[in-house]
Amino acid sequence: MSDLNVVNAAEVAVVADRGVSRRGRDQRELDLIADGAVAIRGGRIVAVGRTPDVLKEWGEDGVATLDASGQTVLPGLIECHSHPLFSGKRHAEYQLRLDGASLSEIAAAGGGIWSTVVATREADDRTLMAALDTTYARILAAGVTTLEAKSGYGLTPAHELHQLELLDRSRAITPLSLVISYLGAHVVPDGVGADAYTSEVLETLPAVIDQGIAAFHDITCEAGLFTPEQAASMFAASRARGIRTKAHADAWASSHGWETAVAGGAVSAEHLTYTPDDEIRGVGGTDTIAVLLPQAELVYMTERRANARLLIDQHVPVAIATDYCSSIHATSLTTTLGMAAPWFRMTAAEVIVGATLNAAYALRLEGDRGSLEVGKRGDLTVLDIEHPNELTLAVGQSVVSDVVIGGEIQQREPDRRTR
Ligand SMILES: [Zn+2]
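Residues numbered from 1 in each chain as written. Predicted model: local features only at pLDDT ≥ 70, side-chain atom pairs only at ≥ 80, totals over all residues.

**A few points about the overall build of the protein**
Along the backbone of the protein there are 15 helices and 16 strands. By the compact-globule yardstick of 22 Å for 419 residues, the protein fits well, its C-alpha radius of gyration being 21 Å. The C-alpha extent of the protein, read off along each of the three principal axes, is 65 × 45 × 45 Å. Looking at the protein as a whole, 54% of its 419 residues qualify as buried. Within the protein, contacts between residues separated by at least 24 positions form 73% of all contacts whose residues are at least 6 apart in sequence. (Helix = DSSP H or I, 4+ residues; strand = E, 2+ residues; numbered from the N terminus. Rg over C-alpha atoms; globule rule 2.2 N^0.38 Å. Buried ≥ 20, exposed ≤ 12 C-beta atoms within 10 Å, placed from the backbone. Contact = placed C-beta atoms within 7 Å.)

Laid out in structure tokens, this is it:
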């Protein structure tokens with residue numbers, strides 16, 4: 001168990017947990033401490049405050065010390081939406097997209113998510129594990145400490161259960177803390193009707209729960225894939241069996257995904273690119289976290305963006321994630337956050353809350369992660385910027401200095417400063 005003092009930070013962002021996810025104007029507040037320090041003992045935070053005050057009690061000799069002079073210390077970043085387990089390449093089809101081909105033309109030519117399903121089913125475990133290893137290392141280097149990882153490129157009961165097992169085994173190859181979701185209802189497999197496949201997912205759910213790996217059942221409610229009625233039946237079955245839910249909703253078109261997810265009791269709903277303003281106003285404030293994915297909108301060249309400002313105005317808690325997947329190789333959450341600010345007209349504080357405390361709520365880990373408070377796990381991300389607002393001026397630049405998980409420095413800029 002690790003002991004560490006992080007001292008002299010230009011700013012420490014506490015992002016205090018007040019017992020609910022941040023919404024409305026509360027999402028604009030990072031609870032900054034200038035000349036800040038964090039003390040970690042046995043992997044847990046024992047003190048946060050001004051450096052002289054923390055050192056008075058915790059400055060004993062022999063404890064590893066990270067000097068964060070001129071830097072910003074954030075709660076360990078939490079990536080709450082990724083699909084890291086896949087095989088195959090989709091760069092060729094993307095060139096066709098860039099050249100004007102539609103998604104349905106790509107699918108008709110054998111591309112799209114289905115091509116990844118075929119390639120992933122064919123890949124052996126060693127190949128998949130090696131790919132995960134590389135991906136995890138990149139995600140960690142970009143500042144992430146906890147990662148949500150979905151199945152969903154198997155789409156038969158056996159393939160999905162195997163992918164969940166592989167994700168579980170991959171915990172051994174990374175210091176990242178993984179939260180695993182079952183995404184059987186990702187798309188509808190070729191040659192199967194949506195009703196028949198919905199029934200198959202419902203029949204697989206008891207085995208997923210028995211397996212004990214998936215913390216969430218992620219359910220797609222999307223035009224051309226699963227209708228609100230089909231999604232609602234999956235939410236109801238999950239609720240009855242006691243597994244929490246997430247939703248993929250309104251990524252390609254308005255599909256009543258947001259209201260269906262909220263009505264279904266989803267912990268979070270993701271994308272929301274095409275959710276109509278009227279639907280956002282109709283639903284109003286809710287505990288369901290809206291997880292917005294700016295790089296998905298960029299790469300998919302969507303005609304609109306999720307209406308983050310209206311969601312925040314309506315007191316919906318907003319989180320930001322990369323949507324790393326076979327068609328979006330976005331391993332840098334810090335880059336995504338820098339981009340999310342102008343993309344959605346969100347402030348630096350709002351996007352940082354969206355990848356710390358609100359992302360912790362989206363994974364139901366708020367009791368242990370997401371803020372720098374006594375008792376929580378000693379996870380923090382140190383950025384080479386003097387103020388968190390600078391993140392929004394450094395889009396695409398590597399600003400991560402150190403990544404600490406449970407008090408252990410996992411990633412460090414070369415020539416860095418422990419003593
Ligand atoms: Zn996704």
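**So, unusual backbone geometry**
If you check the backbone angles, Val 15 has positive phi at about 50° while not being a glycine. Position of Val 15 relative to the elements: it lies in the loop between strand 1 (4–13) and strand 2 (32–41). Residue Val 15 is classed as buried on the basis of its C-beta count, with 24 C-beta atoms lying within 10 Å. With phi around 65°, Asp 323 is a residue other than glycine that occupies positive phi space. Residue position: Asp 323 is located in the loop between strand 13 (318–320) and helix 13 (333–344).

**Considerations on the pairing of strand 16 (residues 408–412)**
Pairing between strand 15 (residues 400–405) and strand 16: four bridges, direction antiparallel. For Val 403, the partnering residue across the bridge sits in strand 16 and is Gln 411. Here strand 15 folds back onto strand 16 in antiparallel fashion, the turn holding two residues, of which Gly 406 has a positive phi close to 55°. (Pairing = 2+ DSSP bridges.)

**A word on the pairing of strand 8 (residues 177–185)**
The buried fraction of strand 8 is high, at eight of nine residues. Where strand 7 (residues 144–150) and strand 8 come together, five bridges link them in parallel fashion. Bridge pairing links Ala 149 to Ile 180 in strand 8. Relative to strand 9 (residues 216–221), strand 8 is paired through three bridges, and the arrangement is parallel. If you follow Tyr 182 over to strand 9, its bridge partner there is His 217. The β-α-β motif built from strand 8, the intervening helix 7 (residues 194–211) and the parallel element strand 9 has right-handed crossover chirality. (Right-handed = clockwise from strand over helix to strand, strands pointing away.)

**A short note on the environment of Cys 325**
Structurally, Cys 325 can be placed in the loop between strand 13 and helix 13. Measuring from C-alpha to C-alpha, the distance between Cys 325 and Thr 116 comes to 9.7 Å, with 209 residues separating the pair along the chain.

**A few points about the packing of helix 7 against helix 8 (residues 228–241)**
At a minimum axis separation of 10 Å, helix 7 and helix 8 run at an interaxial angle of 15°. Looking at the two axes, helix 7 sits roughly parallel to helix 8. The handedness of the crossing between helix 7 and helix 8 is right-handed. Residue-level contacts link Ala 194, Asp 195, Thr 198, Val 201, Leu 202, Leu 205, Pro 206 and Ile 209 of helix 7 to Gln 230, Ser 233, Met 234, Ala 237, Ser 238 and Arg 241 of helix 8. Taken together, the residues of the contact of helix 7 with helix 8 break down into eight nonpolar, four polar and two charged. (Axes fitted to C-alpha atoms, helices over the stretch in contact; angles between N-to-C directions. Parallel < 35°, antiparallel > 145°, perpendicular 65-115°, else oblique. Left-handed = near helix turned anticlockwise from the far one by under 90°. Nonpolar A, V, L, I, M, F, W, Y, C, P; charged D, E, K, R; others polar.)

**Considering the domain arrangement of the protein**
Interfaces are often sized by the amount of accessible area the parts lose when they come together. Segmenting the protein into domains produces domain 1 (4–76 + 372–412) and domain 2 (78–362). Summarising the inter-unit geometry, the C-alpha centres of domain 1 and domain 2 are found 29 Å apart. Each partner contributes residues to the interface: domain 1 has 29 residues there, and domain 2 has 32 residues. Of all the secondary-structure elements, those providing two or more residues to the side of domain 1 that touches domain 2 are strand 5 (72–75), strand 15 and strand 16. In terms of residue count, the dominant contributor to the side of domain 1 that touches domain 2 is strand 15 (three residues). A breakdown of the residues in the side of domain 1 that touches domain 2 according to their chemical character gives 13 nonpolar, 10 polar and six charged. (Domains from an automatic or database assignment.)

**Quick look at the environment of Arg 22**
Structurally, the position occupied by Arg 22 is in the loop between strand 1 and strand 2. Judged by C-beta crowding, with 27 C-beta atoms within 10 Å, Arg 22 ranks as buried. Residues Arg 22 and Gly 88 lie 66 residues apart in sequence; the distance between their C-alpha atoms is 38 Å. Excluding residues that lie within four positions of it along the chain, Arg 22 makes contacts with Gln 27, Pro 317, Val 353, Leu 357 and Asn 358.

**Some thoughts on the sheet that holds strand 13**
The sheet built from eight strands is open, its strands ordered 6-7-8-9-10-11-12-13 with parallel pairing. Either end of the sheet is taken by a strand with one partner, and the two such strands are strand 6 (77–79) and strand 13. This sheet shows a mean twist of 25° between the axes of neighbouring strands, independent of strand direction. When strand 6 meets strand 7, the two strands line up parallel, connected through three bridges. Residue pairing in the sheet places Leu 77 in a bridge with Val 144 of strand 7. The strands that helix 6 (residues 157–169) touches are strand 7 and strand 8; relative to strand 8, the one it contacts most, it runs at about 175°. Against the sheet, helix 8 contacts strand 8, strand 9 and strand 10 (244–249), and its axis sits at roughly 170° relative to strand 9.

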